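# Working through the structure, step by step
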Amino acid sequence: MKKRLIAALLASVLVLTLGGCKKKTDEAPAAYTVGDDQVVSLDSVMDEGAAILASISTPTKVAIGEGMEEYVYHYKKMESPSELAASYIKVLRDSEQGFTLTDADNYTLTEEPDMEQPHGDVILEKASAAATDDAPKIFQVIVSWSEYAVAVQVAQRDGKVLPPYVPEEEESGGYTPPKNLTEQLEYFNSLSPEVLGLPGDSMSEYRVYPADGWVRVNGISCRKMTVYLLELPEETNTYLGAFYLSSDMSQVYKQNDETGAIELVPVN
């Protein structure tokens, strides 16, 4: 469910670039607020005129009543969305704001995010002011960007921020160290596009962007690989799909963008 929410947020950034719009707003907030939680807004830390707050997506009364209160702030007309997102993420991670980089399952990430990708999202979390010993709760901020827009989602989630994920194999002693990012990228680019369900004869026709950190697919540590087609001469990227490569490079999974399901790809 969390992965679908993040995918939906990134999709909303892409829709905004095509002229889609949510609730209009005339006033940029100094802070984003959800319940008793508050975080400094992008508007407060960016240079004047660096971007425009185009719209705000707000929850319905029914959603709020069911504990699904979340807000998405959509920005456009910035010079470099990835750089603007990176500067805001840096502010959120400082000691004053106190957010931690995590994955979709609330595990702390040990790798730095790759802000060079044309599209991406970064999850930041800390304990919510509404948290209790019996009911832990997280204050979550997701920063997403496309080639033309940035979106910031704020919400409260059940749970707590966890330490870095340790595979069960490592805990039991039968552990095979994961391949590094370079090895994984080289292997993925060596695969046949046909095997991955992509057109073309070689992965050299595509741009592959590896994600930071690990996610679990069927209990296996995997790295997300997002594939784009570089269209010339415009040099624009067209999203083609998301794949997951296991840490030992023995298995590849593909995400079904219609259902959100992640399915095994027979590559051997």
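Positions within a chain are numbered from 1, following the residues in the order the chain's sequence is written. The predicted nature of this model means local features are confined to residues of pLDDT at least 70 and side-chain atom pairs, given and counted, to a pLDDT of 80 or more, with totals for whole chains, interfaces and linings taken over all residues. As a rule here, side-chain values come from all non-hydrogen atoms in the structure, and water together with hydrogens is ignored.

### A few points about the pattern of salt bridges
What counts as a salt bridge is simple: a side-chain nitrogen of Lys or Arg found within 4 Å of a carboxyl oxygen of Asp or Glu. For the structure shown, the criterion picks out five salt bridges. For R157, the salt bridge goes to E70, with nearest N and O atoms at 2.8 Å. One end of the pair, R157, is in strand 8 (residues 149–158); the other, E70, is in strand 4 (residues 70–76), and 87 residues separate them in sequence. Residue classification places R157 among the buried residues on the basis of a relative accessible area of 14%. For E70, a relative accessible area of 21% puts it in the partly exposed group. The salt bridge partner of R93 is E112, with a shortest N-O separation of 2.8 Å. You can see R93 sitting in the loop between helix 4 (81–92) and strand 5 (100–102) and its partner E112 sitting in the loop between strand 5 and strand 6 (120–127), a full 19 residues away along the chain. By definition, any uninterrupted DSSP run of H or I lasting at least four residues is a helix, any uninterrupted run of E lasting at least two residues is a strand, and each is numbered from the N terminus. Buried, partly exposed and exposed residues are distinguished by accessible area as a fraction of the type maximum, computed with a 1.4 Å probe on protein chains only: under 20%, between the cut-offs, and over 50%, respectively.

### Topic: the environment of L42
Locating L42 in the fold gives a position in helix 2 (residues 42–45). In this structure the C-alpha to C-alpha distance between L42 and L92, which are 50 residues apart in sequence, comes to 9.8 Å. Here, residues are in contact when the closest pair of their heavy atoms is within 4.5 Å. Apart from residues no more than four positions distant in its own chain, L42 is found in contact with Y32, Y75, L84, Y88 and V150.

### Observations concerning unusual backbone geometry
A negative phi angle is the norm for most residues apart from glycine, just as the trans form is the norm for most peptide bonds. One non-glycine residue with positive phi stands out, namely K77, at about 60°. By relative accessible area, K77 is classed as exposed at 60%. Phi at N106 takes a positive value of approximately 75°, unusual for a residue other than glycine. Along the chain, N106 falls in the loop between strand 5 and strand 6.

### What to know about the pairing of strand 8
Burial runs high along strand 8: nine of the ten residues are buried. Any two strands are treated as partners once DSSP identifies two or more bridges connecting them. The sheet contact formed by strand 4 and strand 8 spans seven bridges and is antiparallel. Considered in strand 8, the bridge of V72 is made with Q153. The pairing of strand 7 (residues 137–145) with strand 8 spans nine bridges and is classified as antiparallel. Paired with V143 across the strands is V152, a residue of strand 8. Between strand 7 and the antiparallel strand that follows it, strand 8, lie three residues.

### Comments concerning helix 4
With twelve residues, helix 4 should cover 16 Å at 1.5 Å per step; its first-to-last C-alpha distance of 17 Å lies within 8% of that length. Listed as buried for helix 4 are P81, S82, L84, A85, Y88, I89 and L92. Looking straight down helix 4, one finds its buried side chains confined to an arc of 160°; they lie on one side. When the buried face of helix 4 is taken as reference, the exposed residues oriented beyond 90 degrees from it are E83 and K90. In this structure, the buried side of helix 4 is in contact with strand 1 (31–34), strand 2 (37–40), helix 2, strand 6, strand 7 and strand 8. Every helix has an expected span of 1.5 Å times one less than the residues it contains. Directions are taken from the helix axis to each C-beta atom, and the arc is the one they span.

### Notes on the side chain of Q255
If you trace the backbone, Q255 turns up in strand 13 (residues 252–255). Filtering out sequence-adjacent residues up to four positions away, Q255 remains in contact with A242, Y244, G260, A261 and I262.

### Section: the sheet that holds strand 6
With respect to topology, six strands assemble into an open sheet ordered 3-4-8-7-6-5, the strand pairing being antiparallel. In this open sheet, the two strands that pair with only one neighbour each are strand 3 (52–57) and strand 5. Sheet twist, expressed as the mean angle between neighbouring strand axes with direction ignored, is 25°. Sheet topology places strand 5 next to strand 6; three bridges connect them, and they run antiparallel. What sits directly across from T102, in strand 6, is I123. Along the sheet, helix 4 contacts strand 6, strand 7 and strand 8; its crossing angle with strand 7, the most-contacted strand, is approximately 160°. Axis lines are fitted to C-alpha atoms, over the contacting stretch for helices. Their N-to-C directions set the angle, which ranges from 0 to 180 degrees.

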